[in-house]
Amino acid sequence: MRKQIAAANWKMNLNQQEAKDLLTNILDKLPKLTDNQQVVFSIPAIYLSNAVQQIGGISNVFVAAQNCHQNSNGAFTGEISAPMYSSVGVNHIVIGHSERREYFAESDVLLAEKVNAVLANNSTPIFCCGEPLAIREAGTQNAFVETQLINSLFHLTPEQLLKVVIAYEPIWAIGTGKTASSAQAQEIHAFIRSVLATKYGADIADQISILYGGSVKAANAVELFSQPDVDGGLVGGASLIATEFTAIINALQ
Ligand code: PGA
């Protein structure tokens, strides 16, 4: 059975005390997770070590970096590598969030290198894909997302792909309050799974968790997560509110 995952994406928000308090409030109310449920906190790099300490090894609860460099070390001032993250207990890394693609010009080719770097380090990439509004309006979102997957993931072996979590995040739904309907989410998640199946076979495609992201909140999480190909969510704004994110965790199937 594939993992159902509630992933918080704090982005560049909160100071140290606020980060600590938010995590405390969520952990206090954390339900007992089943073997196939996971909670991941993708938080600013500077708070990751503290968060690892705070979580203290609760099973199925992880922290994630929001990005990493494609090299493991070297003269790259200001950057942080996957091995550095794992040395402080961080073994999940979000790769290719649309904000990084847009504001930091991260290309499919670069993201393929970053996925490789994460996997080479035995960590889990949470690979983001998703189309902008103009592509959705033109009705070509499937081809757009398929190209992102082909360019950044299809060089992987089946064993490597099995370690990847995919997050489908339509850019027009991120931070806009405009959620994809559960039917729209299901349709493209099923499409993504079919694309994976074409290359890797249905058995492998069936095991890959595909999260939905884009204005997930307590009020829509149950409906979204109940779709057969939606395996949880990557949650921005609502993950900054303890009661909201707790409800989203409780919505996991
Ligand atoms: P949002 O962000 O939930 O605020 O729309 C999601 C994301 O960017 O991961």
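Structure first, text after, so check above.
Below you will find a few notes about this structure. (Residues numbered from 1 in each chain as written. Predicted model: local features only at pLDDT ≥ 70, side-chain atom pairs only at ≥ 80, totals over all residues. Heavy atoms only, no water.)

1. Looking at the nonpolar core
Spelled out, the test is: In this description, a nonpolar core means a group of buried Ala, Val, Leu, Ile, Met, Phe, Trp, Tyr and Cys residues linked to one another through side-chain atoms lying within 4.5 Å. Each residue's exposure class comes from its accessible area (1.4 Å probe, protein chains only) as a fraction of the maximum for that residue type: buried when under 20%, exposed when over 50%, partly exposed otherwise. What counts as a helix is a DSSP run of H or I of at least four residues, what counts as a strand is a run of E of at least two, and both are numbered from the N terminus. Any pair of residues with heavy atoms lying within 4.5 Å of one another is described as a contacting pair.
With 69 residues, the main nonpolar core has F41, L149, L153, I166, I192 and F245 as its most contacted residues. When residues in this core are grouped by element, the largest group, 7 residues, is from helix α9 (residues 182–200). Aside from chain neighbours lying at most four places away, what touches L149 is F127, C129, F154, I166, I192 and V195. Core analysis: the second largest hydrophobic core is formed by 11 residues, I5, V40, V94 and L211 among them.

2. What about the layout of surface pockets?
Rules: In this analysis the probe radius is 1.4 Å and the grid spacing 1 Å, with only protein atoms considered; a cavity is a set of points the probe fits into but cannot get out of, a pocket is an open set with protein on both sides within 12 Å along at least five of seven lines, and lining residues have an atom within 4 Å of a point. Grid points are joined across faces, edges and corners, and a volume is the space filled by probe spheres set on the points. Nonpolar residues are Ala, Val, Leu, Ile, Met, Phe, Trp, Tyr, Cys and Pro. Charged residues are Asp, Glu, Lys and Arg, and all others, Gly as well, are polar.
Here the largest pocket defines a volume of roughly 560 Å³. M12, Q66, N67, R100 and F104 are the residues nearest the centre of the largest pocket, which is lined by 20 residues in total. At 3 residues, helix α4 (residues 98–103) tops the list of elements feeding residues into the lining of the largest pocket. Residue composition of the lining of the largest pocket, grouped by class: 10 nonpolar, 6 polar and 4 charged.

3. Details of the pattern of salt bridges
Where we set the bar: Counted as salt bridges are all cases of a side-chain nitrogen of Lys or Arg within 4 Å of a carboxyl oxygen of Asp or Glu.
Taken as a whole, this structure holds 9 salt bridges when the rule is applied. In this structure, R193 engages D229 in a salt bridge whose closest nitrogen and oxygen atoms are separated by 2.5 Å. Of this pair, R193 sits in helix α9 while D229 sits in the loop between α11 (218–225) and β8 (232–235), and the two are 36 residues apart along the sequence. D229 shares its class with R193; the two are buried. Residues joined in a network through salt bridges with shared partners are R2, R193, D229 and D231.

4. Regarding the sheet that holds strand β6 (residues 165–168)
Pairing between the strands of a sheet comes from backbone hydrogen bonds, and it takes one of two forms, parallel or antiparallel. Selection criterion: Two strands pair if DSSP finds at least two bridges between them. Note on geometry: axes are C-alpha line fits, over the in-contact stretch for helices, and angles between N-to-C directions span 0 to 180 degrees.
Pairing in this closed barrel of 8 strands is parallel, and the strands run β1-β2-β3-β4-β5-β6-β7-β8 around the ring. Across the sheet, the mean angle separating the axes of adjacent strands is 25 degrees when strand polarity is ignored. Relative to β8, strand β1 (residues 4–9) is paired through 4 bridges, and the arrangement is parallel. Along β8, the bridge assignment pairs A7 with L234. Sheet contacts for helix α2 (residues 48–55): β2 (37–42) and β3 (61–65); angle to β3, the most-contacted strand, approximately 175 degrees.

5. Observations regarding the site of the ligand
To keep it simple, the criterion reads: Think of it this way: one heavy atom of a residue within 4 Å of a molecule or strand is enough to make that residue near it. Two N or O atoms count as a polar contact when they lie within 3.5 Å, although within protein this holds only if one can serve as hydrogen donor and the other as acceptor, and sequence-adjacent residues are included solely when both atoms are side-chain atoms.
Near the ligand lie 13 residues; those nearest to it are K11, H97, E169, G175 and S215. With respect to the ligand, the side chain of E169 contributes an N or O atom lying 2.6 Å from an oxygen atom. In the environment of the ligand, an oxygen atom lies 2.7 Å from a nitrogen or oxygen atom belonging to the backbone of S215. Here the shell around the ligand is composed, by residue class, of 4 nonpolar, 7 polar and 2 charged.

6. Looking at the environment of V195
Along the polypeptide, V195 turns up in helix α9. It is 38 Å that separates the C-alpha atoms of V195 and L22, two residues lying 173 residues apart in sequence. Non-local contacts of V195, meaning those with residues more than four positions away in its chain, are made with E146, L149 and F154.

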